[in-house]
Amino acid sequence: MSRTGVRAAGGDGDVPVIETRALEKIYSEGTEAEVVALRGVDLRIMRGEFVAIMGPSGSGKSTLMNLIGALDTPSAGVYLCDGVDVSTLDREALARLRRDKIGFVFQGFNLLPRMSALDNVAMPLGYASVPPAERLERAQAALEAVGLGARTGHRPSELSGGQQQRVAIARALINRPPVLLADEPTGALDTRTGEEILALFKRLRDEGHTVVLITHDPDVAAHADRTYVMRDGELDEEPGLGMNGRASVESGDSGFGSDPNADPNPQSRIPNPGSTP
Ligand SMILES: Nc1ncnc2c1ncn2[C@@H]1O[C@H](COP(=O)(O)OP(=O)(O)OP(=O)(O)O)[C@@H](O)[C@H]1O
Ligand SMILES: [Mg+2]
């Protein structure tokens, strides 16, 4: 399935943004504690797709997410991110890939409790060496884009679960990564708040982001364009499970530009270093 109108950087629209070939992960290999967590996983995700990965507890979903996010290395097989074999990258190139290409939303938010929402969101920009004034300006814009412009000074404990999750999403997107990986992002939320987060993902998808959502909940997965199911380390695409959420989406603007090179819209909505007055 391909999305017209959404093209990869440089016009190579046929290169998957995420592709794995026969990916394997074995923990504690060769010991009594050996666990085969991934078996021959083949995954192809194009830019601008919203894909769900379902599966029971222990089936290997988070293991796969850690490999896709270049937080861990496979035991065998190949992972290509935007056509680049990640195993060929050195330490610095890997850090750049994690920073520039992929935003993570972890289950349980992972926000720093002593920091305000604004500082939590701005935090990844520190590593990207963005000047302090611009960091705060971009964090403010990111929080406004998820509807939290009036809560920037609140600490996580002063926010609801859904608001904390939106702070985590704003933080994941602050470096404008083209790919958003979310591990059970609605697991801790009530149904209505969860629907709000899913609507935000659909808007991001419509703006050209690639969204990979991990969930055990079929109702959540049904919002995605396509669904894969993980069973005991094996991944299969589940035809007919995705109902293509695009049809039910109202046009909205999340305020997040994706990778400027890939954004089909000319202006990114978070101020760019060179575009702010
Ligand atoms: N660091 C590790 N060392 C050893 N085994 C691990 C490690 N991490 C995960 N496992 C094992 O690998 C398998 C897959 O775990 P994984 O965390 O990927 O499952 P999951 O699908 O994300 O489950 P859940 O829905 O409960 O989060 C499990 O059997 C788990 O016990
Ligand atoms: Mg998990």
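See the structure shown above.
Only a predicted model underlies this, so the values are computations on that prediction, with no experimental measurement involved. (Residues numbered from 1 in each chain as written. Chains lettered and ligands numbered in written order. Predicted model: local features only at pLDDT ≥ 70, side-chain atom pairs only at ≥ 80, totals over all residues.)

Draft legend 1. Broad picture of the overall build of the protein chain. Secondary structure summary: the protein chain contains 7 helices and 10 strands in total. Across the 277 residues of the protein chain, 44% fall into the buried class. (Helix = DSSP H or I, 4+ residues; strand = E, 2+ residues; numbered from the N terminus. Buried ≥ 20, exposed ≤ 12 C-beta atoms within 10 Å, placed from the backbone.)

Draft legend 2. Local environment of the sheet that holds strand E2 (residues 35–45). Pairing in this open sheet of 4 strands is antiparallel, and the strands run E2-E1-E4-E5 from one edge to the other. Two strands lie at the open edges of the sheet, namely E2 and strand E5 (84–85), each paired on one side alone. One ladder, built from 5 bridges, connects strand E1 (residues 18–27) with strand E4 (residues 76–81); its direction is antiparallel. Across the sheet, the residue bridging to Arg21 is Val78, located in E4. (Pairing = 2+ DSSP bridges.)

Draft legend 3. Just helix H4 (residues 132–145), in detail. Its 14 residues place the ends of H4 20 Å apart at the C-alpha level, agreeing with the 20 Å of an ideal helix rising 1.5 Å per residue. Arg135, Arg138, Ala139, Gln140, Ala142, Leu143 and Ala145 are the residues of H4 that are buried. Positive backbone phi, at 80 degrees, marks Gly147, one or two positions downstream of H4. (Expected span 1.5 Å × (residues − 1).)

Draft legend 4. Focus on the site of ligand 1. The environment of ligand 1 is made up of 13 residues, and the closest members are Tyr27, Ser57, Lys61, Ser62 and Thr63. Among the secondary structure elements, those contributing two or more residues to the shell around ligand 1 are E2 and helix H1 (61–68). By residue class, the composition of the shell around ligand 1 is 3 nonpolar, 9 polar and 1 charged. (Near = placed C-beta within 6 Å. Nonpolar A, V, L, I, M, F, W, Y, C, P; charged D, E, K, R; others polar.)

Draft legend 5. Inspection of unusual backbone geometry at higher detail. Not every positive phi belongs to a glycine, and Asp82 is a case in point at roughly 55 degrees. Along the polypeptide, Asp82 turns up in the loop between E4 and E5. The class of Asp82 is buried, set by 21 C-beta atoms lying within 10 Å. Positive phi outside glycine occurs at Arg176, with the angle close to 55 degrees. Note on placement: Arg176 falls in the loop between helix H5 (161–172) and strand E7 (179–183).

Draft legend 6. View of H1. Burial runs high along H1: 6 of the 8 residues are buried. Taken residue by residue, H1 has Lys61, Thr63, Leu64, Met65, Leu67 and Ile68 as its buried positions. A positive backbone phi angle near 60 degrees is found at Ala70, which sits one or two residues after H1.

Draft legend 7. Seen up close, the nonpolar core. By size, the foremost hydrophobic cluster in this structure holds 62 residues, and its most contacted members are Ile53, Val121, Leu143, Ala170, Leu180, Leu181 and Val212. Mapping this core onto the domain boundaries places at least three of its residues in each of domain 1 (14–101 + 177–261) and domain 2 (111–176). If sequence neighbours within four positions are ignored, Ala170 has contacts with Val121, Ala142, Leu143, Ala145 and Val146. (Core = buried A, V, L, I, M, F, W, Y, C linked by C-beta atoms within 7 Å. Domains from an automatic or database assignment. Contact = placed C-beta atoms within 7 Å.)

Draft legend 8. Broad picture of the pairing of E7. Where burial is concerned, most of E7 is hidden: 5 out of the 5 residues are buried. Side chains Val179, Leu181 and Asp183 project from E7 onto one buried face, and the interleaved Leu180 and Ala182 project onto a second face that is buried too. Pairing of strand E6 (residues 102–105) with E7, which is carried by 4 bridges, proceeds in the parallel orientation. Looking at E7, one finds that Gly103 is bridged to Leu180. As defined by bridge partners, E7 adjoins strand E8 (residues 210–214) across 5 bridges and the pair is classed as parallel. Bridging across to E8, Ala182 finds its partner in Leu213.

Draft legend 9. Seen up close, the packing of H5 against helix H6 (residues 191–206). The N-to-C vectors of H5 and H6 enclose an angle of 20 degrees; their axes lie 9 Å apart at closest approach. For the element pair H5 / H6, the angle class is roughly parallel. As for how H5 packs across H6, the hand of that crossing is right-handed. Residues Gly161, Gly162, Gln165 and Ile169 of H5 touch H6, and the partners they reach there are Thr193, Glu196, Ile197 and Leu200. Among the residues forming the contact of H5 with H6, the class breakdown is 3 nonpolar, 4 polar and 1 charged. (Axes fitted to C-alpha atoms, helices over the stretch in contact; angles between N-to-C directions. Parallel < 35°, antiparallel > 145°, perpendicular 65-115°, else oblique. Left-handed = near helix turned anticlockwise from the far one by under 90°.)

Draft legend 10. The arrangement of the pairing of strand E10 (residues 234–237) in detail. Across 4 bridges, strand E9 (residues 226–231) lies against E10 in antiparallel orientation. By the bridge assignment for E10, Val229 is matched with Asp236. The hairpin turn running from E9 into E10, its antiparallel successor, is 2 residues long, and Asp232 in that turn takes a positive phi close to 50 degrees.

Draft legend 11. Structural detail: the environment of Arg171. You can see Arg171 is positioned in helix H5. Each C-alpha atom, one on Arg171 and one on Ala117, is 9.2 Å from the other, the two residues being 54 residues apart in sequence.

Coordinates in, geometry out; function isn't part of it.
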